[in-house]
Each structure stands twice: as structure tokens, then as C-alpha cells.
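Letter by letter, the chains look like this.
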Amino acid sequence: MQNIEAYQKSFISYLEDFTVDKEPKNLYEPINYILKLGGKRLRPVLTLMTTEVFGENSNVAMDAALSVEVFHNFSLVHDDIMDDAPLRRGKETVHEKWDLNTGILSGDAMLIMAYQLFENYEAEIFQALAKLFSKTALEVCEGQQYDVDFETRDDVTIPEYLKMIEYKTAVLVGAAMKMGAIVAKASNEDQNSIYDFGRYLGIAFQLQDDYLDAFGNPETFGKQVGGDILENKKTYLYLKTKELGSPTEQSSLLKTISDDVISDQDKVENIKELFHSSGASEATQEAVKDYTNKAFVVLETLNISNDKKELLRLFGEQLMNRRV
């Protein structure tokens, strides 16, 4: 088994060979741009790691890992358009650097390219990967729609929100790990268990992302801090403030969110203070721990050695404690 940095290094090298100059440039340059912007490469690393966890060389999973990363970045390009986001990983988003039409078309091409990568596998594995990918891609779209719908709803519940982040974020983490198990020809039982392990970690990851969006360092987080607040997103922090806050805090939250006069900076700072005073920030960190521990419970059911379980446990702990 390699360490995380080694998986990242080998994947980035493979990615470099994938991002080559092609015509028409206005279609492929934005694709190369978003793929080379960096990021944690979390999902492809999980695919490679899982392949080796189940006894196969990670090199055979490179195309599956690349497919996950291309699809993930495709979703970011389109999400950034929908959110009108100016920054991605600290750099201009594709639609800002080029234009809306370029972002839409280049994103479409990335989705097709992600599917094409499965063609490098034998028929049985190709079928299993494509079936999982189609299910996951549709769930990601459903999650994105829930996210958009929630922006104009005042009655979003915490269970609804958790379902949204499961579909929008967590299922792709679970799929990334299950793809590694499929390529390694693990048992169906282990394939499903590693999927659940990744799904729980993915929920924890998104809850931590919610927290960092409000309280992270903009230089290391790579996105606009407070962006969720300014977009009126019903995040876990927001919903927990409504649940745990005093009547005064709840009233102040709703008043500040709907205030069109207050400056963006004051709006962000005032709502962050409410997140703290209500106990929502602490509750969010507790939820991150809870979902990470759920992943660790599933981990114990896998038919792998204890040292491999420990590697996956370490990865989960690093996610739970991340600050970027």
C-alpha cells in the first residue's frame, strides 16, 4: 500500500498525459484549465487506494480514477455557472475566464469523456462501472436540484438537507471507492460495504465543507469564504441555528438573511456570530465526527487485513480534521 501523497503523485502524472492540446482549442483549453487547477484529488485517490486495499495494483484503476475526477470537475464547471461563483480553488471559474456558453459546452464534453474512459476495461467490468456511474451521475443531478430548490424554501428540514448533500456530494465519494473495488474484482458484499464507507465519509466531508465555508481561511480554502451565506443556502449551520437558537437568535438570522441593505461583509460576520452563539457551529463539528464514526463502523465489516483498515481509518480522520 502506498501513502496518500504517492497516490496523488501517480494520478497527477497520469492526468498530465490526459490533458493534451486538441482542436478546437476553445472547447479543450477550458477542460485542461479546470483539470489542472489542482484540488485535493480526493476521489481518484480513493479509487486507487481501494483497488490496492482489495489486492490489485492501483495502476489498473487509473482510467476509473480519471473518470471520477473528470466527472467531478464537469459538475464543478456547471455548478459554478449555476451559483455565479467567481472563484474555484482560488482561481477564476471557467465561465468567468471564458464565457457561459464555453462553460456549458466544455462541461458537456467532460461528461462524455468520463464515460469514454470505461471503454478501456473488459466487458464485465465496463458494464459494472458504467451502471454505477449512470446511477451516481443522476443522483448528483438530483442533489444539485434539491440544493437549488432549497434556496427559495423556508421550510427545509435537516433530514432533507442531509439527503441533498448525500446525493450532491457523498454518492460520488462512495462510487469512487466502489469503482476501485469493481476493478479489483472484490466480492459484491465488499463492494457495497466500501460504497457505504465512502458515502458516510462524503457526508462528513460536505458538513466540514459547510463549516469551512463560514469559518475557513480564504487563502487555504480556495473558495469565497461566506459564499453560502451570501447565496442564502440552507446549510447545516443555518438549519441548526434555526433549531438550537433562542427566539431572538432565530429572528435575527431570518432578518439578516433577508436584509438587502446590509453590506456583504457585515452580513457574513453577523450570521457567523449567530452560528457560534446558537451552538450551531459546535453541532456541525459534532455531526462531522458522527458520520466519520459511522464510516468506521462499516469499515470493520470489510474482508481486508487490519493494517488496510487502519490506512482507511487514518484517511477518514484526516478528512474530519482538515482545514482546506
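Everything below is about the structure shown above.
Reading guide: rules and limits
- Residues numbered from 1 in each chain as written.
- Predicted model: local features only at pLDDT ≥ 70, side-chain atom pairs only at ≥ 80, totals over all residues.
- Heavy atoms only, no water.
- Helix = DSSP H or I, 4+ residues; strand = E, 2+ residues; numbered from the N terminus.
- Rg over C-alpha atoms; globule rule 2.2 N^0.38 Å.
- Buried < 20%, exposed > 50% of the residue type's maximum accessible area, 1.4 Å probe, protein only.
- Contact = heavy atoms within 4.5 Å.
- Areas by Shrake-Rupley, 256 points an atom, 1.4 Å probe, with all protein chains shown as cover.
- Lys, Arg positive; Asp, Glu negative; His and termini not counted.
- Salt bridge = Lys/Arg side-chain N within 4 Å of Asp/Glu carboxyl O.
- Polar contact = N/O pair within 3.5 Å; in protein donor to acceptor, adjacent residues only side chain to side chain.
- Core = buried A, V, L, I, M, F, W, Y, C linked by side-chain atoms within 4.5 Å.
- Axes fitted to C-alpha atoms, helices over the stretch in contact; angles between N-to-C directions.
- Parallel < 35°, antiparallel > 145°, perpendicular 65-115°, else oblique.
- Left-handed = near helix turned anticlockwise from the far one by under 90°.
- Nonpolar A, V, L, I, M, F, W, Y, C, P; charged D, E, K, R; others polar.
- Expected span 1.5 Å × (residues − 1).
- Phe/Tyr/Trp six-rings, centres within 6.5 Å; stacked < 30°, edge-to-face > 60°.
- Lys NZ or Arg CZ within 6 Å of the ring centre and 35° of its normal.

*Asks:* Explain the overall build of the protein chain to me, using residue names and the numbers behind them.
*Replies:* In terms of helices and strands, the protein chain carries 16 helices and 2 strands. For the protein chain, the C-alpha radius of gyration of 20 Å lies close to 20 Å, the compact-globule estimate for 324 residues. When the backbone C-alpha atoms are referred to their principal axes, the protein chain occupies close to 60 × 50 × 30 Å. Considering the protein chain as a whole, with its 324 residues, one finds that 56% of them fall into the buried category. Long-range pairs, those at least 24 residues apart, make up 72% of the contacts in the protein chain with a sequence separation of at least 6. Per element, the accessible surface of the protein chain, about 14700 Å² overall, is 48% carbon and sulfur.

*Asks:* Lay out the side chain of lysine 234 with the relevant residues and their values.
*Replies:* If you trace the backbone, lysine 234 turns up in the loop between helix 11 (227-230) and helix 12 (236-244). Buried charge without a partner: lysine 234 forms no salt bridge, and the closest opposite charge is aspartate 154, 4.5 Å away. Among the polar contacts made by the side chain of lysine 234, one reaches the main-chain carbonyl oxygen of phenylalanine 150 at a distance of 3.0 Å. One polar contact links the side chain of lysine 234 to the main-chain carbonyl oxygen of asparagine 232, over a distance of 3.4 Å. When residues no more than four places from it in sequence are discounted, the contact partners of lysine 234 are Phe150, Glu151, Thr152, Arg153, Asp154, Val156, Tyr161 and Leu239.

*Asks:* Explain the nonpolar core residue by residue, including any values.
*Replies:* In this structure, Phe54, Phe197, Leu312 and Phe315 are the most contacted members of the largest nonpolar core, which totals 70 residues. Leave out the neighbours within four places in its chain, and phenylalanine 54 touches Ala181, Ala184, Ala186, Asp190, Ile194, Leu302 and Ile304. Core analysis: the next-biggest nonpolar cluster, separate from the first, contains 27 residues, Val156, Ile158, Ile257 and Met320 among them.

*Asks:* With reference to specific residues and values, describe the pattern of salt bridges.
*Replies:* By the definition in use, this model includes 17 salt bridges. Between arginine 41 and glutamate 69 there is a salt bridge, with the nearest N and O atoms lying 2.8 Å from each other. Separated by 28 residues along the polypeptide, arginine 41 in the loop between helix 2 (25-35) and helix 3 (42-53) and glutamate 69 in helix 4 (residues 62-83) bring together distant segments of the chain. Across the pair, glutamate 69 and arginine 41 agree in class, each one buried. Of the charged contacts in the structure, one is a salt bridge between arginine 199 and aspartate 196, with a shortest N-O distance of 3.1 Å. Of this pair, arginine 199 and aspartate 196 both sit in helix 9 (residues 188-215), 3 residues apart, roughly one helical turn. A relative accessible area of 15% places arginine 199 in the buried class. Using a relative accessible area of 26% as the deciding quantity, one classes aspartate 196 as partly exposed. The network of salt bridges with common partners includes Asp83, Asp147, Glu151, Lys168, Glu231 and Lys233.

*Asks:* Break down the packing of helix 3 against helix 4 for me, citing the residues and quoting the values.
*Replies:* At a closest axis distance of 8 Å, the pairing of helix 3 and helix 4 adopts a crossing angle of 160 degrees. When the interaxial angle is binned, helix 3 and helix 4 end up roughly antiparallel. Judged by the sense of rotation from one axis to the other, the crossing of helix 3 with helix 4 is right-handed. Side by side, helix 3 and helix 4 meet where Arg43, Pro44, Thr47 and Leu48 of the first sit next to Met62, Ala64, Ala65, Val68, Glu69 and His72 of the second. Split into classes, the residues belonging to the contact of helix 3 with helix 4 amount to 6 nonpolar, 2 polar and 2 charged.

*Asks:* Please provide a residue-by-residue account of the side chain of threonine 256, values included.
*Replies:* Along the chain, the position of threonine 256 falls in helix 13 (residues 247-257). Residue threonine 256 is classed as buried on the basis of its relative accessible area, which comes to 10%. At a separation of 2.7 Å, a polar atom in the side chain of threonine 256 contacts the main-chain carbonyl oxygen of serine 252. With residues near it in sequence (within four places) discarded, threonine 256 still touches Ile262, Lys267, Asn270 and Ile271.

*Asks:* Would you mind going over helix 4 in detail, with residue names and values included?
*Replies:* Helix length check: helix 4, at 22 residues, gives a terminal C-alpha distance of 31 Å against a target of 32 Å (1.5 Å per residue), a fit within 8%. Most of helix 4 sits inside the fold, with 20 of its 22 residues counted as buried. The first or second residue beyond helix 4 is aspartate 84, which carries a positive phi of 55 degrees.

*Asks:* Quick one: what's the story with the packing of aromatic side chains, residue by residue and with numbers?
*Replies:* Overall, the coordinates contain 10 aromatic pairs when judged by the stated rule. Taking 5.3 Å as the distance between ring centres and 75 degrees as the angle between the ring planes, the aromatic pair formed by tyrosine 33 and tryptophan 98 counts as edge-to-face. Highlighted residues: tyrosine 33 in helix 2 and tryptophan 98 in the loop between helix 5 (94-97) and helix 6 (100-116), separated in sequence by 65 residues. For tyrosine 33, a relative accessible area of 18% corresponds to the buried category. With relative accessibility at 24%, the residue tryptophan 98 sits in the partly exposed group. Between phenylalanine 118 and phenylalanine 133, the aromatic rings sit 5.3 Å apart at their centres with planes inclined by 75 degrees, giving edge-to-face as the arrangement. With phenylalanine 118 in the loop between helix 6 and helix 7 (123-150) and phenylalanine 133 in helix 7, this pair connects stretches of sequence that are 15 residues apart. Judged on exposure class, the residue phenylalanine 118 and its partner phenylalanine 133 are both buried. Following the ring pairs from residue to residue traces out a cluster consisting of Phe71, Phe74, Tyr115, Phe118 and Phe133. If you follow lysine 97 out to its NZ or CZ, it ends over the ring of tryptophan 98, 5.7 Å from the centre.

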